[in-house]
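# Remarks on the overall topology
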Amino acid sequence: MTDLVAALRALVGDAHVLTLPDDMAAYNTDWRRKYLGRARAVVRPGSTAEVAAVMALAHDRGVAVVPQGGNTGLSGGATPDAYGQQLVLNLCRLNRIRHIDAANDTVVVEAGVTLQALQDAARGAGRLFPLSLAAQGSCTVGGNLATNAGGTAVLRYGNMRELTLGLEVVTPDGQVWNGLRALRKDNTGYDLKQLYIGSEGSLGVITAAALKLFAPPRATLTAMMALPSLTDAVTLLTQARLELGPALTAFEVISNACVPLLARHFPALRWPFATNHPLAVLLEVSDHHGEAGARDALERVLGLAMDVGTVVDGVVAESLSQSRQLWALREHISEAQGLDGPHIKHDISLPASHVAAFVGDAEVLVARAAPGARVAWFGHLGDGNLHFNVLAPPGSNAAAFAERQPEINRLVHDQVVAFQGSISAEHGLGQLRRDENARYKSELELALMQAVKQALDPLGLMNPGKVISPQ
Ligand SMILES: Cc1cc2nc3c(=O)[nH]c(=O)nc-3n(C[C@H](O)[C@H](O)[C@H](O)COP(=O)(O)OP(=O)(O)OC[C@H]3O[C@@H](n4cnc5c(N)ncnc54)[C@H](O)[C@@H]3O)c2cc1C
């Protein structure tokens, strides 16, 4: 039998099969450098046909495959294990926008196109592709689909699942399913694409997608407000939804524990308030007629909120550059936390009505369990999605803090579930939350998930060890 690497090289070209440790280093670890794997090879196919050929070969040889896009995932889903046998299948060379259908408001795009490139292509055609997140310059459409990515515009446009009409998928044995139907109504049996969206590479390889496009708003206004409490933020969200309807396109929250992190690691970014407030809300209003309408709506909401004390201070961006400065604060929090030292991430969602009570209780529990630890939470309050991150006490031992991760996870996640929330909102389970998830799902739900895995990947070669435990 031909050597596996030689066979792969024959399929995709010598330059696109990496085997040297230095060449593979960036593919063998994740964005946070939390997981370090060792692939047998990194394969970079350039077309769906090449993906299919690689998958058929891997299937014949019984070799496991780890799909990978921009490798910005935060749950270790795209990192191979440490045993040197798995293939990393990097999709970044599948980078074509295949077709924009303006009359249908749809785009067909390959999996390796970055989210930024897709947004730019939509803009070039006079349309909006609304998914937006801080890693958009590097993350790919395939990764966005595989994790059912969310971001800052979910409140108005939905997450990746809601933006997707059709998929092209290569199955574990190398067959190509062309499900690229760009239809808003299609009830022809089970909706298979929904199984692949959010499956984190554990069922098949997504190679292309048919996605929805939207009319871009004529004007967008950004405001940042200081608030006395999270309860006030939820009240403001409720009022803003009622007053603004679909014009409310983002509602992000930033706790005051994030402010010193930004000041320390990104001093060029200026926090707009001189006084220390418990939290800030970053709100965006869009209007399809023009700026005057957006400004009127925003001022009405802010005026009402200030009258009743829900908002105590606020700035409205007067230019695109001011708006970018406010958004930059929100977008640099993750990185600032990473630079600040060890921290334990929680990507949770809750009904908006329970968010304030959850945070109040969870902060007390964390303070009791880990005195001196800082809780820096922020996120997409409009979707009930918080990144509730616990930072090591300053000067503490990193290894000792890391060892406490299971205990802190358990404490926070038990609380999330007690408040009817989810322990995995938008970053996926990967290997980080796989076992935690198993703890909270019913036996029946886990059995149904295993049945889907068994049906679509009977040999268990797709991204083993991610999402659900191998049987
Ligand atoms: C600074 C920062 C901010 C972020 N903010 C957000 C946010 O606001 N919202 C959010 O949802 N996420 C966010 N993320 C997480 C991450 O960017 C998203 O999960 C993104 O969708 C991952 O895309 P990727 O191409 O990098 O995927 P990767 O990291 O390469 O892979 C992620 C998962 O998808 C699978 N996968 C990748 N491509 C394919 C494919 N073609 N077919 C099948 N499976 C595949 C992988 O196996 C893995 O399980 C953020 C990350 C960073 C670093």
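Residues numbered from 1 in each chain as written. Predicted model: local features only at pLDDT ≥ 70, side-chain atom pairs only at ≥ 80, totals over all residues. Heavy atoms only, no water.

What follows deals with unusual backbone geometry. You will see that asparagine 71, though not glycine, has its phi angle at about 60°, which is positive. Tracing the chain through its elements places asparagine 71 in the loop between strand E3 (65–68) and strand E4 (87–90). The exposure class of asparagine 71 is buried, given its relative accessible area of 14%. (Helix = DSSP H or I, 4+ residues; strand = E, 2+ residues; numbered from the N terminus. Buried < 20%, exposed > 50% of the residue type's maximum accessible area, 1.4 Å probe, protein only.)

What follows concerns empty space enclosed by the protein. Summed over the entire model, instances satisfying the criterion amount to two cavities of 30 Å³ or more. Computed from the structure, the largest cavity encloses a volume of approximately 60 Å³. Every residue along the wall of the largest cavity is listed here: Arg32, Lys34, His343, Ile344, Lys345, Gln405, Asn409, His413, Leu432 and Arg433. Examining the composition of the lining of the largest cavity, we find that three residues originate from one element, helix H16 (residues 405–418), more than from any other. Taken together, the residues of the lining of the largest cavity break down into two nonpolar, four polar and four charged. (1 Å grid on protein atoms, 1.4 Å probe; cavity = no way out; pocket = protein on both sides within 12 Å on 5 of 7 lines; lining within 4 Å. Points joined across faces, edges and corners; volume = space filled by probe spheres on them. Nonpolar A, V, L, I, M, F, W, Y, C, P; charged D, E, K, R; others polar.)

Before going further, it helps to examine the pattern of salt bridges. One pass over the structure, following the stated rule, counts 19 salt bridges. For glutamate 436, the salt bridge identified is with arginine 410, shortest N-O distance 2.8 Å. A residue pair is termed long-range when its members are at least 10 positions apart, and glutamate 436 in helix H17 (residues 434–440) and arginine 410 in helix H16 qualify at 26 residues. Overall, the relative accessible area of 32% leaves arginine 410 in the partly exposed class. Shared partners join several salt bridges into a network, and the residues in it are Arg96, Arg98, Glu110 and Glu168. (Salt bridge = Lys/Arg side-chain N within 4 Å of Asp/Glu carboxyl O.)

A few words now on the domain arrangement of the protein chain. Interface size is often expressed as the accessible area that is lost when the parts come together. Partitioning the protein chain into structural domains gives domain 1 (97–212), domain 2 (219–334) and domain 3 (341–440). Each of domain 1 and domain 3 has a C-alpha centre, and the two are 29 Å apart. Each side of the interface is counted separately: domain 1 has nine residues, and domain 3 has eight residues. Buried surface at the junction of domain 1 and domain 3, both sides included, amounts to about 550 Å², of which 43% is carbon and sulfur. The three residues of domain 1 that bury the most area against domain 3 are Gly151, Leu155 and Glu200, which together make up 60% of that side's buried surface. Of the residues contributing to the side of domain 1 that touches domain 3, the split by class is three nonpolar, five polar and one charged. (Domains from an automatic or database assignment. Contact = heavy atoms within 4.5 Å. Buried area = accessible area lost by both parts, 1.4 Å probe.)

Moving on, we come to the site of the ligand. Not every one of the 35 residues close to the ligand is listed here, only the nearest: Pro67, Gly69, Thr72, Gly73 and Thr140. Here an oxygen atom of the ligand and a side-chain polar atom of threonine 147 are 3.2 Å apart. Where the shell around the ligand is concerned, the elements lending two or more residues are E3, helix H5 (141–146) and strand E9 (205–212). Each residue belonging to the shell around the ligand can be placed in one class, and the counts come to 14 nonpolar, 19 polar and two charged. Of the domains in this structure, domain 1 (97–212) and domain 3 (341–440) are the two that each give at least three residues to the shell around the ligand. (Near = heavy atom within 4 Å. Polar contact = N/O pair within 3.5 Å; in protein donor to acceptor, adjacent residues only side chain to side chain.)

What follows concerns the sheet that holds strand E2 (residues 41–43). To summarise the sheet geometry, strands pair through backbone hydrogen bonds and adopt either a parallel or an antiparallel arrangement. Pairing in this open sheet of four strands is mixed, and the strands run E1-E2-E4-E3 from one edge to the other. The sheet is open, and its two edges are formed by strand E1 (17–18) and E3, each paired on a single side. The pairing of E3 with E4 spans four bridges and is parallel. Opposite glutamine 68, over in E4, you have asparagine 90 as the bridge partner. Packed on one face of the sheet, helix H3 (residues 48–61) meets E2, E3 and E4 and runs near 165° to E4. (Pairing = 2+ DSSP bridges. Axes fitted to C-alpha atoms, helices over the stretch in contact; angles between N-to-C directions.)

What follows concerns the environment of glycine 204. In this structure, glycine 204 sits in the loop between helix H8 (193–196) and E9. Residue glycine 204 is classed as buried on the basis of its relative accessible area of 5%. Sequence-wise, glycine 204 and glutamine 194 are ten residues apart; in three dimensions their C-alpha atoms are separated by 12 Å. The residues contacting glycine 204, other than those within four sequence positions of it, are Val169, Val170, Tyr196 and Met462.

Below, the discussion takes up the sheet that holds strand E5 (residues 97–101). Across the sheet, five strands lie side by side as E5-E6-E9-E7-E8; this open sheet has antiparallel pairing. Each edge of the sheet is formed by a strand with only one pairing partner; in this case those strands are E5 and strand E8 (176–179). Strand-to-strand, the axes of this sheet are offset by a mean angle of 10°, without reference to chain direction. By the bridge criterion, four bridges tie E5 to strand E6 (residues 106–110) in an arrangement that is antiparallel. In the sheet register, isoleucine 100 faces E6, and the bridge partner there is valine 107. Sitting on the sheet, H3 is in contact with E5, strand E7 (164–170), E8 and E9, with an inclination near 50° to E7. On the sheet, helix H4 (residues 115–124) packs against E5, E6 and E9 and is oriented at approximately 35° with respect to E5.

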